[in-house]
Structures are given as structure tokens and as C-alpha cells.
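# Survey of secondary and tertiary structure
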Amino acid sequence: GAGVSQSPRYKVAKRGQDVALRCDPISGHVSLFWYQQALGQGPEFLTYFQNEAQLDKSGLPSDRFFAERPEGSVSTLKIQRTQQEDSAVYLCASRFRTTGELFFGEGSRLTVL
Amino acid sequence: DQQVKQNSPSLSVQEGRISILNCDYTNSMFDYFLWYKKYPAEGPTFLISISSIKDKNEDGRFTVFLNKSAKHLSLHIVPSQPGDSAVYFCAGTTGANSKLTFGKGITLSVRP
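To start, this report covers the structure provided alongside it.

### Points about the overall build of chain B
Looking only at helices and strands, chain B has 0 helices and 11 strands in total. For chain B, the N- to C-terminal ordering of α and β elements is β-β-β-β-β-β-β-β-β-β-β. Relative to the globule expectation of 13 Å for 112 residues, the C-alpha radius of gyration of chain B, 13 Å, shows essentially globular dimensions. In terms of its C-alpha atoms, chain B occupies a principal-axis envelope of roughly 40 × 30 × 20 Å. Taking the contacts inside chain B whose residues are at least 6 apart along the sequence as the reference set, 55% of them involve residues at least 24 apart. Accessible area for chain B stands at about 5400 Å²; split by element, carbon and sulfur atoms hold 49% of it. The distance from the centre of the 12 positive side-chain charges to the centre of the 9 negative ones in chain B is 4 Å.

Okay, structure coming up:
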């Protein structure tokens, strides 16, 4: 596609529910990142993939967070047993090579009640 | 530990004047810096970048200055336009295969 596509754009979950957020990067982009942006803050790194390999997951806040990119294109960020502090915008970004600017999607806004 | 600091949360300037957005960093390993612009309900979009081997990069109305010794960079927008009103994020990275580390952002308002 023309840009990074994320779905759903908005998700409301009850505390304790599991959620899955999807990212479709720009076709051919090798690198894919997930960021979490809380209200009034900058994006915080969660995890990074190069093709299907998850090279860095140091930013995942707990073992309730899990990300995958099995075929090196679409990625899914899964949050198990959601908590109120998980409420944030989850941004996906991709880039063609391993360096250079990131292209961001519009984000998925998660609200946990 | 905040590695990228944007200490001024907001800035308001008159249309046509210069906007100067500041950013400080603590990680001396950063060798590449980027500025992103974000409108409400949209993802951040890339604006301009600078390598640590340079002290200035210019692209149209946008210029980024880097002072390595002070660990400081700034984004200049001249002349400012109402459409520039957005949140601006500064980010640093340590090169290949590396994530971007963002500041908290500065909200710029350009008054007509």
C-alpha cells in the first residue's frame, strides 16, 4: 500500500481482555517498529523487527505484551489481560532499509476501561 | 532517564516570523537526529534530519542546527505559516539497526 496501515484505529477493551493490533507496513520495507504513545508524551519504543526476526524487544513493558511478524510483512501486537495503564496510542512504523527515516501509521488508540 | 528532552511544552509565534524549537540530548552515542511533525489523529511524519558529522541541514523553510559539544539541536522554521501548527518531536538514534528515541514534543501554534 501507499503508507503504513494500522487497524483497528480505535479499540475499547474492558480490563482483563486480550487485544490484538495489526500493522501493514509499506510494501518492501525491511524494518518494522512498534511504539507506545501515552497522552502528552512522545512515542516510546516497544519492539523492532528486521524482516521476520524480532531483533529488539527491550521496550515491551511486561510479558503481557507480545509481537510477531511471521512472514516478514504484517505484524501483530498482542496485549493480554489489558490494564488501564495500557491505554495509549500504539504506533507502527516501517522503513525500507535498516537506517533512515521511519514512516509511521496513524496509530491504534486503545482505551482500557 | 530521558535521553531526549524538549523542555518547552509549547510555543506560539506570529505568522511570518521565525519559530525556533529546541531539543537537548544526553546520550553521546546518538549519531543521527530527526524531527517529526504530528497533527492530531495522525501518525508522526518525517520533517528533516541531521547527521552528527554536520552542524546544519537546510530544507526549504526548515533548518536544523546541531551543537554536539552542548548536546543541543534546534529546528528553525522561517517564515512560519499557520499550517505549521502541530506537535514537533525531536528524536535521536545510534545508527544502523537502531530505534529512534523521542522527546515529549513541543506544540507549535502559528497565529495568523
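### Observations concerning the environment of Leu-47 of chain B
On the secondary structure map, Leu-47 of chain B appears in strand β5 (residues 45–51). Look past the residues within four positions of Leu-47 of chain B in its chain and what remains in contact with it is Trp-35, Tyr-36, Asp-59, Phe-62, Leu-75 and Tyr-88 of chain B.

### Observations regarding the sheet that holds strand β8 (residues 72–77) of chain B
Residue and element names in this part refer to chain B. In spatial order, the strands read β1-β3-β8-β7-β6; together these 5 strands make up an open sheet with antiparallel pairing. Looking at strand neighbours, the two that pair on one side only are β1 (4–5) and β6 (56–59), the edges of this open sheet. In the sheet, β6 pairs with strand β7 (residues 62–67) via 4 bridges, with the strands oriented antiparallel. Pairing of Asn-57 across the sheet is with Val-64, part of β7.

### Remarks on the interface of chain A and chain B
The interface is formed by 22 residues belonging to chain A together with 18 residues belonging to chain B. Summed over the three residues of chain A that lose the most area to chain B, namely Pro-43, Glu-101 and Phe-104 of chain A, the buried surface amounts to 27% of that side. Between the two partners, chain A and chain B, sit 0 salt bridges. Remark: the boundary between chain A and chain B carries 3 residue pairs in polar contact (both at pLDDT 80 or more). Elements represented by at least two residues in the side of chain A that touches chain B include exactly β4 (31–37), β5 (44–50) and β9 (88–95) of chain A. For the side of chain A that touches chain B, the residue count by class is 8 nonpolar, 9 polar and 5 charged.

### Some points on the environment of Thr-63 of chain B
All names here are of chain B. Positionally, Thr-63 belongs in strand β7. The class of Thr-63 is buried, set by a relative accessible area of 10%. Remark: the alpha-carbon pair of Thr-63 and Ser-49, spanning 14 residues in sequence, is separated by 9.2 Å. Ignoring sequence-local partners within four residues, the contact set of Thr-63 consists of Ile-48, Lys-56, Asn-57, Glu-58, Ser-74, Leu-75 and His-76.

### A word on a nonpolar patch on the surface
All names here are of chain B. Taken together, the side chains of Ile-18, Ile-20 and Val-78 present a nonpolar region at the surface, about 220 Å² in accessible area. Inspection of the secondary structure assignment puts Val-78 in the loop between β8 and β9 (86–93). According to the relative accessible area criterion, Val-78 is partly exposed, its value standing at 42%.

About the thresholds
- Residues numbered from 1 in each chain as written.
- Chains lettered and ligands numbered in written order.
- Predicted model: local features only at pLDDT ≥ 70, side-chain atom pairs only at ≥ 80, totals over all residues.
- Heavy atoms only, no water.
- Helix = DSSP H or I, 4+ residues; strand = E, 2+ residues; numbered from the N terminus.
- Rg over C-alpha atoms; globule rule 2.2 N^0.38 Å.
- Contact = heavy atoms within 4.5 Å.
- Areas by Shrake-Rupley, 256 points an atom, 1.4 Å probe, with all protein chains shown as cover.
- Lys, Arg positive; Asp, Glu negative; His and termini not counted.
- Charge placed at Lys NZ, Arg CZ, Asp CG, Glu CD.
- Pairing = 2+ DSSP bridges.
- Buried area = accessible area lost by both parts, 1.4 Å probe.
- Salt bridge = Lys/Arg side-chain N within 4 Å of Asp/Glu carboxyl O.
- Polar contact = N/O pair within 3.5 Å; in protein donor to acceptor, adjacent residues only side chain to side chain.
- Nonpolar A, V, L, I, M, F, W, Y, C, P; charged D, E, K, R; others polar.
- Buried < 20%, exposed > 50% of the residue type's maximum accessible area, 1.4 Å probe, protein only.
- Patch = residues over 30% accessible without salt bridge, like charges linked within 9 Å, V, L, I, M, F, W, Y side chains within 5 Å.

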